[in-house]
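Breakdown of the fold
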Amino acid sequence: MSDYISTTLLLLPFVSSALIAAAVLGVLAGVLGPLIVTRNMAFSVHGTSELALTGGAAALLAGINVGYGSLVGAIVAAVILGLLTRKVSEHDSVIGAVLAFGLGVGVLLLSFYEGNSANKFGLLIGQIASVDSGSLVLLVSAAVGVLVVLSFIYRPLLFASVDSEVAAARGVPLRVLSPVFAVLVGVATALGVQTVGSLLVLSLMITPAAAASRVTASPLVATVLSIVFAELAVIGGIVLSLVPGKPVSAFVTAISFLIYLLCRLVGALRARRIGSGRGMASAHLAVGAART
């Protein structure tokens, strides 16, 4: 089976394009993921993905590249969420309302599409055959743009993500950084829709970063681990999906969740070891104090 994959399936043009797209998405998701987790924006990613679905459905209906429609939909979602979530208390309710609206409109638009049903299904759960040369150029260009913008705002954004009150007191422009970052996340989410699908894009944008946060508190190490986990999940998911011909997203989510469970186990064992070490140290100090 492995020889068949390496000599036949992996050499197909659409598979090669999908693997390149997966590698780019892994880097993008790995870099943005820890910031998303730190800022508690997981639900925002899900809401954005639903409007990315709406934009992709509109593009499919209009006969243009689905990637462009997904990008427009995701950016619109980011702007809407930025305008409507002025208060923290409104955050979840606004995202829920936008999510439901986006999914409803997307389903309506898909109902008017009379072409290949696989194209409609692919928007929901991903389809590697949809990553053609045009989509790949768009993905790489958008990913480079996101990483370039992020390189300029990363340090103040990380500072604001860790402690927003202190960052505001130090003059960090939170009102500018938050919507800019929301747009970056929206673009990254839209790029993942074609590969993983709008319903399961969280498995790529959130789960690897959540796993990394279980084993390290260092932002740099968490980012590196998040990239590695995302690459393993998305590339491994594509390779494993080739022979059975099943949706990529099922394998991506399975690998991501397995990595997350392993990282939780490692984190729990480490915390227990540290706790027992502190307990023994306290006992030695108590014995020493008693002797003196």
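See above for the structure.
All chains use their own residue numbering, which begins from 1 and follows the written sequence. Restriction of local features to residues with pLDDT of at least 70 applies here, the model being predicted, together with a cutoff of 80 or more for giving and counting side-chain atom pairs; totals for whole chains, interfaces and linings are based on all residues. The basis for every side-chain value is the complete set of heavy atoms in the structure, and neither hydrogens nor water enter the calculation.

All right, on to the overall build of the protein then. Elements are defined by DSSP. Helices are runs of H or I of four residues or more, strands are runs of E of two residues or more, and each kind is numbered from the N terminus. For the protein, the helix and strand inventory stands at 13 helices and zero strands. Helices and strands in the protein line up, N terminus first, as α-α-α-α-α-α-α-α-α-α-α-α-α. Throughout this description, buried means an accessible area under 20% of the type-specific maximum (1.4 Å probe, protein chains only), exposed means over 50%, and partly exposed covers the range between. Within the span of the protein, comprising 292 residues, buried residues form 44% of the whole. Two residues qualify as a contact provided that any one of their heavy atoms is within 4.5 Å of a heavy atom in the partner residue. Across the protein, the fraction of contacts at a sequence separation of at least 24, relative to all contacts at a separation of at least 6, is 75%. As displayed, the protein offers around 14500 Å² of accessible surface, 70% of which is attributable to carbon and sulfur atoms. For the accessible areas, the method is Shrake-Rupley and the probe is 1.4 Å, while residue cover comes only from the protein chains on display.

Two aromatic rings are characterised by how far apart their centres lie and by the angle between their planes. Pairing of aromatic rings covers Phe, Tyr and the six-membered ring of Trp, with a centre-to-centre limit of 6.5 Å; geometry is then stacked below 30 degrees between planes, edge-to-face above 60, and tilted otherwise. Enumeration over the complete set of coordinates arrives at one aromatic pair. On the basis of an interplanar angle of 25 degrees and a centroid distance of 6.4 Å, the ring pair of Phe 257 and Tyr 260 is categorised as stacked. With a gap of three residues between them, Phe 257 and Tyr 260 both fall in helix 13 (residues 248-291), about one helical turn apart.

This part covers the nonpolar core. With 57 residues, the main nonpolar core has Leu 32, Ile 36, Leu 150, Phe 181, Leu 191 and Met 205 as its most contacted residues. Not counting residues within four places of it along the chain, the set of residues in contact with Leu 32 comprises Val 146, Leu 150, Phe 181, Leu 184, Val 185, Ala 188 and Met 205. Remark: nonpolar core denotes a set of buried residues (Ala, Val, Leu, Ile, Met, Phe, Trp, Tyr, Cys) joined through side-chain atoms within 4.5 Å. Formed by seven residues, the second largest nonpolar core is a distinct cluster that contains Leu 53, Ala 57, Leu 109 and Leu 110.

As a further point, take helix 3 (residues 42-62). The terminal C-alpha atoms of helix 3 lie 31 Å apart, and with 21 residues this matches the ideal 30 Å at 1.5 Å per residue to within 8%. A large share of helix 3 lies buried, amounting to 16 of its 21 residues. Just downstream of helix 3 lies Gly 63, where phi reads positive at about 80 degrees. Multiplying 1.5 Å by the residue count of a helix minus one yields the expected span of that helix.

On the surface, a nonpolar cluster with roughly 370 Å² of combined accessible area is contributed by Val 140, Val 144, Val 148 and Phe 152. Checked against the element boundaries, Val 148 lands in helix 7 (residues 133-162). Given a relative accessible area of 41%, Val 148 falls into the partly exposed group. Each patch is built from residues lacking any salt bridge and having more than 30% relative accessible area; the joining distance is 9 Å for like charges and 5 Å for nonpolar side chains (Val, Leu, Ile, Met, Phe, Trp, Tyr). Here, a salt bridge means any Lys or Arg side-chain nitrogen found within 4 Å of an Asp or Glu carboxyl oxygen.

Let's shift gears to the side chain of Thr 48. Within the element layout of this structure, Thr 48 appears in helix 3. Contacts of Thr 48, omitting those with residues within four sequence positions, involve Ala 74, Ala 77, Leu 81, Gly 186 and Thr 189.

In this structure, Ser 226 sits in helix 12 (residues 219-242). Judged by its relative accessible area of 1%, Ser 226 falls in the buried class. For Ser 226 and Leu 204, which are 22 residues apart along the polypeptide, the C-alpha to C-alpha distance reads 9.7 Å. Each residue touching Ser 226, except ones within four places of it in the same chain, is listed here: Ala 29, Gly 30, Pro 34, Pro 208, Ala 209 and Ala 212.

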